[in-house]
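If you want the building blocks of each chain, they are given just below.
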Amino acid sequence: MSYPQIVHHGAVNGVTGSCHELYADPAHSYLIDCGLFQGADISKDGKSGQGSLDIEFPLDSVRALIATHVHNDHVGRIPYLLAAGFDGPILCSEPSAKLLPIVLEDAFKLGVSRDQKQVERYIALVEQRIIALPYNTWFTLRDADDLVCRIRLQRAGHILGSAYVEFDLAYPKTGEKKRVVFSGDLGAPHAPLLPAPKSPYGADIRVIETTYGDRQHEDRRTRRQRLEAVIEKALKDQGTVLIPAFSIGRTQELLYELEAIIHQQDQTAFCCRSELARE
């Protein structure tokens, strides 16, 4: 069997539960994300098959977990991974290293236990495992006669700290080299808070998310105009606007858009008052 090989443990028949295992060789594999299954992807019994919380694959060869970003469908199964015996490092970007304990504490309280001592022990264990990596910098996972494995994180523009992962694999005995890229979740261009992702220079193998691969998003200017029209109508009717917002990135952008609309209205009102004063 030739290497590298990739095995998918989630986000295959659905869009949540991202968990991919890259076998660099038979004895060394690396997990990219270990997320919760959510919504329609949850199995009926919650115990077996697609949508299970259980870690149903062997961990003997798994040397590290690389987290692309801190959404629960990419990191939410980390408690179950640790409980199953995973004792390797958790690598992520520097911003994600700050956010991950916060997100996992919240998920642990909701899904496992609210016992404060148990929560603190769990978070302390997670923090001990985290290795924060700067963007655009190679980090060596293995350097041996049979395998040299490096990873590099690049900005994915999805949420704060999000990254896509480049694996650089070299097999000194055969002289073979492979570049493998895992996209994680990718952000759209022209986001108000984050720089747009830049494509990698090249790859022999790409694993790319396609959650919205079958639709065309409206542009951000149109989206802001629709939001502003809804708010103005509600104000005119003396009504209330309820906005369901649960994910980290979307909530941040929504607050930014609201602030921008308010600022724009204030500027318009100021200009009108200035014009009236000159008249």
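Residues numbered from 1 in each chain as written. Predicted model: local features only at pLDDT ≥ 70, side-chain atom pairs only at ≥ 80, totals over all residues. Heavy atoms only, no water.

### Overview of the overall build of the protein chain
Next, step 1: What the protein chain contains, in helices and strands, is six helices and eleven strands.
Next, step 2: Taken along the three principal axes of its C-alpha coordinates, the protein chain extends 85 × 45 × 35 Å.
Next, step 3: For the protein chain, contacts bridging at least 24 residues in sequence account for 60% of all contacts bridging at least 6.
Next, step 4: Total accessible area computed for the protein chain in this model is approximately 16200 Å², and 52% of it derives from carbon and sulfur atoms. (Helix = DSSP H or I, 4+ residues; strand = E, 2+ residues; numbered from the N terminus. Contact = heavy atoms within 4.5 Å. Areas by Shrake-Rupley, 256 points an atom, 1.4 Å probe, with all protein chains shown as cover.)

### Digging into the sheet that holds strand β2 (residues 19-25)
Next, step 1: Taken in spatial order, the six strands make up an open sheet running β1-β2-β3-β4-β5-β6, and their pairing is mixed. Two strands in the sheet have a free side with no partner beyond their single neighbour: β1 (5-10) and β6 (130-133). The sheet shows a mean angle of 25° between the axes of neighbouring strands, direction not considered.
Next, step 2: Here two bridges tie strand β4 (residues 62-66) to strand β5 (residues 90-93), and the two strands are oriented parallel to one another. (Pairing = 2+ DSSP bridges. Axes fitted to C-alpha atoms, helices over the stretch in contact; angles between N-to-C directions.)

### Description of the pattern of salt bridges
Pairing between side chains of opposite charge can happen when their charged atoms approach one another.
Next, step 1: Within the structure shown, the criterion is met by ten salt bridges.
Next, step 2: Of the charged contacts in the structure, one is a salt bridge between Asp237 and Lys233, with a shortest N-O distance of 3.0 Å. For the residue pair Asp237 and Lys233, the accessibility class agrees, reading exposed in each case.
Next, step 3: Linked by salt bridges that have partners in common, Arg150, Arg152, Glu166, Asp168 and Arg179 make up one network. (Salt bridge = Lys/Arg side-chain N within 4 Å of Asp/Glu carboxyl O. Buried < 20%, exposed > 50% of the residue type's maximum accessible area, 1.4 Å probe, protein only.)

### Describing the sheet that holds strand β7 (residues 139-143)
Next, step 1: Overall, mixed pairing links the five strands, which are arranged β7-β8-β9-β10-β11 in an open sheet. Every other strand in the sheet has two partners, leaving β7 and β11 (205-207) as the edge strands with one partner each. Neighbour to neighbour, the strand axes of the sheet diverge by 15° on average, direction disregarded.

### Points about the nonpolar core
Next, step 1: Counting 28 residues, the largest nonpolar core has Leu65, Ile78, Leu81, Phe86, Leu100, Leu104 and Tyr122 as the members making the most contacts within it.
Next, step 2: Going through the elements one at a time, β4, α2 (78-83), β5, α3 (94-111) and α4 (116-129) are the ones with two or more residues in this core.
Next, step 3: Non-local contacts of Ile78, meaning those with residues more than four positions away in its chain, are made with Cys34, Leu65, Ile90, Leu100, Leu104 and Tyr122.
Next, step 4: Within the second largest apolar cluster, 21 residues are counted, among which are Leu22, Ala64, Tyr171 and Val207. (Core = buried A, V, L, I, M, F, W, Y, C linked by side-chain atoms within 4.5 Å.)

### Concerning the side chain of His28
Next, step 1: With respect to the helices and strands, His28 occurs in strand β3 (residues 28-32).
Next, step 2: Given a relative accessible area of 11%, His28 falls into the buried group.
Next, step 3: Separated by 3.2 Å, the side chains of His28 and Arg142 make a polar contact.
Next, step 4: Setting aside residues up to four positions removed in sequence, His28 forms contacts with Leu22, Tyr23, Ser61, Arg63, Arg142 and Leu147. (Polar contact = N/O pair within 3.5 Å; in protein donor to acceptor, adjacent residues only side chain to side chain.)

### Here we look at helix α5 (residues 220-236)
Next, step 1: Between its terminal C-alpha atoms α5 stretches 24 Å, which fits the 24 Å expected from 17 residues at 1.5 Å a residue.
Next, step 2: Taken residue by residue, α5 has Arg220, Leu227, Glu228 and Ala234 as its buried positions. Each buried residue of α5 sits inside an arc of 125° when the element is viewed along its axis, so together they form one side. Across α5 from its buried face, at more than 90 degrees, point the exposed residues Arg221, Arg226, Lys233 and Lys236. (Expected span 1.5 Å × (residues − 1). Arc of directions from axis to C-beta.)

### With respect to the packing of aromatic side chains
Next, step 1: As enumerated under the stated definition, the model contains three aromatic pairs in all.
Next, step 2: Members of the aromatic cluster, joined through ring pairs, are Tyr30, Phe167 and Phe182.
Next, step 3: One Lys or Arg, Arg150, reaches over the ring of Trp138 and ends 4.3 Å from the middle of that ring. (Phe/Tyr/Trp six-rings, centres within 6.5 Å; stacked < 30°, edge-to-face > 60°. Lys NZ or Arg CZ within 6 Å of the ring centre and 35° of its normal.)

### Things to note about the pairing of β7
Next, step 1: Where β7 and strand β8 (residues 148-155) come together, four bridges link them in antiparallel fashion. Counterpart to Asp143 in the pairing with β8 is Val148.
Next, step 2: Taking the residues that link successive antiparallel strands as the turn, the β7-β8 hairpin has four residues.

### So, the pairing of β5
Next, step 1: When β5 meets β6, the two strands line up parallel, connected through four bridges. In the strand pairing of β6, Leu91 is matched with Ile131.

### Structural notes on the side chain of Ser18
Next, step 1: On the secondary structure map, Ser18 appears in the loop between β1 and β2.
Next, step 2: Those residues within four positions of Ser18 in sequence are excluded, and the remaining contacts are Gly10, Ala11, Asp33, Cys34, Gly35, Asp73 and His74.

Read these as layout, nothing more, since geometry by itself doesn't imply function.
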